[in-house]
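The primary structure of each chain is shown beneath.
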Amino acid sequence: MEVPGVIGAGGERDPTAILEEMTVNFEKRPLIMDDSIEYLQENAAEFIVEKLPDGSVNLDRAAIEAEYSGNSPLDVDTWETIWAEISQPYEEPIYKDRLIYAVHSSQQFTRNKIEDAIHIGITSETLIEGGGEGDATVRLPGPRSNFEDHLSETDIDHFQSFQTWKDFWEENQFKSNNGEPDPVKEWVLVEAITHRENFGKDSKGFAAIGAGIEVGVLKEDGKSITLGSNRLPKYWRSVLEEGRYGKNSQVPLAELTVIQEYIHDISKEKAHNTIDLGIKDGLIYHNEQNTVSFRDPQTDDIDEISDAAFSDGRYPAGESNDGNPDDEPGDDESVNTPH
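Source: prediction; values computed, not measured.

Asks: I'm lost on the side chain of T126 in this one. Help?
Replies: Position of T126 relative to the elements: it lies in the loop between α5 (111-124) and β4 (128-129). Among residues more than four places away in sequence, those in contact with T126 are P73, L74, D75, V76, W79, G121, L140 and P141.

What follows is the structure, encoded as structure tokens:
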């Protein structure tokens, strides 16, 4: 079937107009937005060799390549060709429903086959899901998804700090009339952060954004980026990681004390005082049976947590932050921590 005026169908047309015409003789319906592995299990199980214990799958490369006749969705080159044919910059995402029409124009596949290809791409990470309502966009892999290859460990720590981006939003006045932070087009943010940090090339700007999105201090909204939320302070993240505890785990006080002593090289008394300070800050709360849990700033009620909890050098407790009234603590339920 020829679609007048689109790439591969004859005629010279402005590529930017292509997507407006891709509905010709092609049924328009919402793209299935299910989890990609779940989608493949239900709709294209012939491409799955096995499901692994961690929930991932091994895909059948031979079967996929045979089905797609040299345009395998397992190869990034296939998707780069689609981006190029619609003059979409490689660094920019595309809405999934528009990608359907782009693939159809280029490859003349059926709708179902295109949907299978997109989910295969997402599952194999030759396409990366973006954010926004319904994970509305996909993009090519690159500096955003491989930020570790473009940034130093120091840079990664810097760009995975909520305060870094909060300061950046304030410096550039990315806010609405009511003072709330506004979403920013990704390319604007890339240029701004590249200039501010003297990166010299955009790839590091994209990597910085990827690092922030990875931990939730930035969020994706279609083709825009907005501020996310603060994280559990690095001091406590390292403690939970060492103890192999999840964010919602109930942690025995004795173990929380010992882990602090071990990895942060502090005394038992200072470890106890640091737990007390975390409780005063509203970051930690008592459970029954002498255990504590942590509030996650990205999912729990942030109003329960003092702003002081996120200040640099807050933990471990010291002479300047030992829980005195000037620290703006929360409910004082901590002083009974066993010493």
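Asks: Quick question: what am I supposed to make of the confidence of the model for the protein chain here?
Replies: Interpretation of this model should avoid reading the predicted coordinates in detail wherever pLDDT is low. Mean pLDDT for the protein chain: 79, with 81% of residues reaching 70 or above. Of all helices and strands in the protein chain, the one with the weakest mean pLDDT is helix α4 (residues 96-107) (80), whereas helix α12 (residues 268-280) scores best (94). Within the model, pLDDT remains below 50 along residues 1-33, and this stretch shows 54 contacts once partners closer than five positions in the same chain are excluded. Taken as a whole, residues 323-336 scores under 50 in pLDDT and shows 27 contacts with residues more than four places along the chain or in a different chain.

Asks: Would you mind showing me how to read a negative patch on the surface here?
Replies: Together, D300, D301, D303 and E304 give the surface a local cluster of negative charge. Checked against the element boundaries, E304 lands in the segment after β11 (291-294).

Asks: Sorry if this is basic, but what is going on with the packing of helix α7 (residues 162-171) against helix α8 (residues 186-196) here?
Replies: Helix-helix packing: each pair is described by the crossing angle between the helix axes and the interaxial distance. Where α7 meets α8, the axes come as close as 12 Å, and the angle between the chain directions of the two elements is 100 degrees. Taken together, the axes of α7 and α8 are roughly perpendicular relative to one another. Seen from α7, the contacting residues are W165, F168, W169 and E171; seen from α8, they are L189, A192, I193 and R196. The class makeup of the residues in the contact of α7 with α8 is six nonpolar, no polar and two charged.

Asks: For this particular structure, what's the right way to read the sheet that holds β11?
Replies: Either a parallel or an antiparallel arrangement is found when strands of a sheet pair, and the pairing is made through backbone hydrogen bonds. On the basis of which strands lie adjacent, the open sheet formed by three strands has the order β9-β11-β10 and antiparallel pairing. One side of each edge strand has no neighbouring strand; the edge strands of this open sheet are β9 (251-252) and β10 (284-286). Here β10 runs beside β11; their pairing, made up of three bridges, is antiparallel. Looking across to β11, one finds that I284 is bridged to F294.

Asks: What should I look at first to understand the side chain of K113 in this one?
Replies: Take K113: it is sitting in helix α5. According to the relative accessible area criterion, K113 is buried, its value standing at 18%. Apart from residues lying up to four places away in sequence, K113 is in contact with E67 and Y68.

Asks: Quick question: what am I supposed to make of the packing of aromatic side chains here?
Replies: Each aromatic ring pair is characterised by the separation of its centres together with the angle its planes make. One pass over the structure, following the stated rule, counts 10 aromatic pairs. Ring centres of F159 and W165 lie 5.6 Å apart, and the angle between their planes is 40 degrees; on these two criteria the pair is classed as tilted. Of the two residues, F159 and W165, both sit in the buried class. Between the aromatic rings of W236 and F294, the centroid separation amounts to 5.2 Å while the plane-to-plane angle is 55 degrees, which identifies the pairing as tilted. Taken together, the residues W236 in helix α10 (residues 234-242) and F294 in strand β11 connect sequence positions 58 residues apart. Taking the relative accessible area as the measure of exposure, W236 reaches 0% and is therefore buried. For F294, a relative accessible area of 2% gives the class buried. Each residue in the set F159, W165, F168, W169, F174 and F199 is aromatic and connected to the rest through ring pairs, giving one cluster.

Asks: Explain the nonpolar core here, please?
Replies: Nonpolar side chains in soluble globular proteins tend to be buried together. Among the nonpolar cores identified, the biggest contains 29 residues, and W79, W83, L99, I118 and L127 are the most heavily contacted of them. Those elements giving two or more residues to this core turn out to be α1 (36-43), α2 (61-68), α3 (76-85), α4 and α5. Ignoring any residue separated from it by four or fewer positions in sequence, one finds L99 in contact with W79, I82, W83, I94, I118, L127 and V138. Counting residues in each nonpolar core, the second largest holds 24 residues, with F147, V190, A207 and I209 among its members.

Conventions and cut-offs
- Residues numbered from 1 in each chain as written.
- Predicted model: local features only at pLDDT ≥ 70, side-chain atom pairs only at ≥ 80, totals over all residues.
- Heavy atoms only, no water.
- Helix = DSSP H or I, 4+ residues; strand = E, 2+ residues; numbered from the N terminus.
- Contact = heavy atoms within 4.5 Å.
- pLDDT = per-residue confidence, 0-100.
- Patch = residues over 30% accessible without salt bridge, like charges linked within 9 Å, V, L, I, M, F, W, Y side chains within 5 Å.
- Areas by Shrake-Rupley, 256 points an atom, 1.4 Å probe, with all protein chains shown as cover.
- Salt bridge = Lys/Arg side-chain N within 4 Å of Asp/Glu carboxyl O.
- Lys, Arg positive; Asp, Glu negative; His and termini not counted.
- Charge placed at Lys NZ, Arg CZ, Asp CG, Glu CD.
- Axes fitted to C-alpha atoms, helices over the stretch in contact; angles between N-to-C directions.
- Parallel < 35°, antiparallel > 145°, perpendicular 65-115°, else oblique.
- Nonpolar A, V, L, I, M, F, W, Y, C, P; charged D, E, K, R; others polar.
- Pairing = 2+ DSSP bridges.
- Buried < 20%, exposed > 50% of the residue type's maximum accessible area, 1.4 Å probe, protein only.
- Phe/Tyr/Trp six-rings, centres within 6.5 Å; stacked < 30°, edge-to-face > 60°.
- Core = buried A, V, L, I, M, F, W, Y, C linked by side-chain atoms within 4.5 Å.

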